[in-house]
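Now for the letters of each chain:
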Amino acid sequence: MAENWYPRIDPLLCTGCGDCVTACPTGALGWQGDSAALIHPDICTYCATCESICPVYAIELPYLIVKEEHHE
Ligand code: SF4
Ligand code: SF4
């Protein structure tokens, strides 16, 4: 489920400042009502710029947990 790895923006926390929309290098973010939203998930490169720039921590990137199998 690739969808699970996209940035999630909490519309309840988002103040609509627009910083993430401006900062996103690929233009993947846009608006859904008064909140920023990932409107083009297909072009998101998962760079995490939006997560680090949001002043109210409304953006969360789920991190991939890689399970390693060790054969000893
Ligand atoms: S992770 Fe990067 S490419 Fe994806 S929406 Fe955020 S700023 Fe844009
Ligand atoms: S930077 Fe944060 S508060 Fe500002 S528009 Fe983006 S998600 Fe909303």
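Everything numeric here is computed off the predicted structure, so don't read it as measured data.

Undergrad: Is there a simple way to think about the pairing of strand E3 (residues 35-38) in this case?
TA: Sheet faces and side chains relate simply in a regular strand, where the side chains alternate between the two faces. On E3, burial follows the alternation: Ala36 and Leu38 on one face are buried, whereas Ser35 and Ala37 on the facing-out side are not. Linking strand E2 (residues 29-32) back to E3 in an antiparallel pair, the connection comprises 2 residues, with Gly33 at a positive phi of about 65 degrees.

Undergrad: It is not clear to me how the site of ligand 2 should be interpreted in this structure. Could you clarify?
TA: In the vicinity of ligand 2 there are 14 residues, among which Cys14, Cys17, Cys20, Ala36 and Cys54 approach most closely. When its residues are assigned to classes, the shell around ligand 2 shows 10 nonpolar, 3 polar and 1 charged.

Undergrad: Which parts of the structure should I look at to understand the site of ligand 1?
TA: Taken together, 14 residues sit near ligand 1, with Cys24, Cys44, Cys47, Thr49 and Cys50 positioned nearest. For the shell around ligand 1, the residue count by class is 11 nonpolar, 3 polar and no charged.

Undergrad: Explain unusual backbone geometry to me, please; I cannot follow it from the model alone.
TA: Negative phi is the rule for most residues except glycine; trans is the rule for most peptide bonds. You will see that Tyr46, though not glycine, has its phi angle at about 65 degrees, which is positive. Of note, Tyr46 is situated in the loop between E3 and helix H2 (49-53). If you check the backbone angles, Tyr57 has positive phi at about 55 degrees while not being a glycine. Summarising the element assignment, Tyr57 is placed in the loop between H2 and strand E4 (59-60). We classify Tyr57 as exposed; it has 10 C-beta atoms within 10 Å.

Basis of the calculations
- For every chain, the first residue of the written sequence is number 1, and numbering continues from 1 along that sequence.
- As they are written, the chains are lettered A onward and the ligands numbered 1 onward, keeping that order.
- Only residues with pLDDT of 70 or above have their local features reported here, since the model is predicted, and side-chain atom pairs are shown and tallied only from 80 upward, although totals for entire chains, interfaces and linings are computed over all residues.
- Note on burial: count the other C-beta atoms lying within 10 Å of the residue's C-beta; 20 or more is buried, 12 or fewer is exposed, in between is partly exposed, and C-beta positions come from the backbone.
- Numbering of helices and strands starts at the N terminus; helices are DSSP runs of H or I of at least 4 residues and strands are runs of E of at least 2.
- At least two DSSP bridges between two strands are needed for those strands to be called paired.
- For each residue, a C-beta position is placed from the backbone atoms; the residue is near a molecule or strand when that point lies within 6 Å of it.
- Amino acids are sorted into nonpolar (Ala, Val, Leu, Ile, Met, Phe, Trp, Tyr, Cys and Pro), charged (Asp, Glu, Lys and Arg) and polar (every other residue, Gly among them).

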